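In case you want the letters, here they are:
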Amino acid sequence: GTAMDPPSGAGLGGADPQLQRFIEVETQKQRFQQLVHQMTELCWEKCMDKPGPKLDSRAETCFVNCVERFIDTSQFILNRLEQTQKSKSAFSESLSD
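The following refers to the structure shown. Since this is a predicted model, take the numbers as computed values, not measurements.

## What to know about the pattern of salt bridges
Turning to step 1, where the next piece is worked out: Under the defined criterion, the tally for this structure stands at 2 salt bridges.
Turning to step 2, where the next piece is worked out: For K29, the salt bridge goes to E26, with nearest N and O atoms at 3.0 Å. Taken together, the residues span about one helical turn, with K29 and E26 both in helix α1 (residues 17-47) at a distance of 3 residues.
Turning to step 3, where the next piece is worked out: For K29, a relative accessible area of 44% gives the class partly exposed.
Turning to step 4, where the next piece is worked out: Classification of E26 as partly exposed rests on a relative accessible area of 29%.

See the structure below:
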């Protein structure tokens, strides 16, 4: 390499696809962990009116419902985001008609 070459890993543009994929996956994992953290806090506050060593059946049901709704919502949002990104190029093309 010449002196003009950027140090390896500087820009992701020229990075090999595997590395980019790895970074994407890691980013997704971090986002997912944040989601789980938010979900836990949210559902905990919502369902645990009286903190105790174990869940009563009402709190347990509440937790399950809360988590399921949270996952549904997150999944819906993720799907919408993906669709939005996919249709962006198509959308801008249809606007120029």
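## As for the state of the cysteines
Turning to step 1, where the next piece is worked out: Across all of its chains, the model carries 2 disulfides by this definition.
Turning to step 2, where the next piece is worked out: Across a sulfur-sulfur distance of 2.0 Å, C43 and C66 are joined as a disulfide pair. On the sign convention where negative means left-handed, the S-S torsion of about -85 degrees between C43 and C66 marks this disulfide as left-handed. Within this pair, whereas C43 is found in helix α1, its partner C66 is found in helix α2 (residues 57-95), the two being separated by 23 residues in sequence.
Turning to step 3, where the next piece is worked out: Here the disulfide map of the protein chain reads 1-4, 2-3, the bonded cysteines being numbered as they appear in the sequence.

## A short note on a nonpolar patch on the surface
Turning to step 1, where the next piece is worked out: A grouping of F76, I77, L78 and L81 is seen on the molecular surface, where their side chains present a nonpolar patch of about 390 Å² in accessible area.
Turning to step 2, where the next piece is worked out: Mapped onto the fold, L78 is located in helix α2.
Turning to step 3, where the next piece is worked out: For L78, a relative accessible area of 37% translates into the label partly exposed.

## Quick look at α1
Turning to step 1, where the next piece is worked out: Between its first and last C-alpha, α1 extends 44 Å over 31 residues, near the 45 Å set by a 1.5 Å rise per residue.
Turning to step 2, where the next piece is worked out: All of the buried residues along α1 are M39, C43 and C47.

The rules behind the values
Residues numbered from 1 in each chain as written. Predicted model: local features only at pLDDT ≥ 70, side-chain atom pairs only at ≥ 80, totals over all residues. Heavy atoms only, no water. Salt bridge = Lys/Arg side-chain N within 4 Å of Asp/Glu carboxyl O. Helix = DSSP H or I, 4+ residues; strand = E, 2+ residues; numbered from the N terminus. Buried < 20%, exposed > 50% of the residue type's maximum accessible area, 1.4 Å probe, protein only. Disulfide = S-S within 2.5 Å. Patch = residues over 30% accessible without salt bridge, like charges linked within 9 Å, V, L, I, M, F, W, Y side chains within 5 Å. Areas by Shrake-Rupley, 256 points an atom, 1.4 Å probe, with all protein chains shown as cover. Expected span 1.5 Å × (residues − 1).

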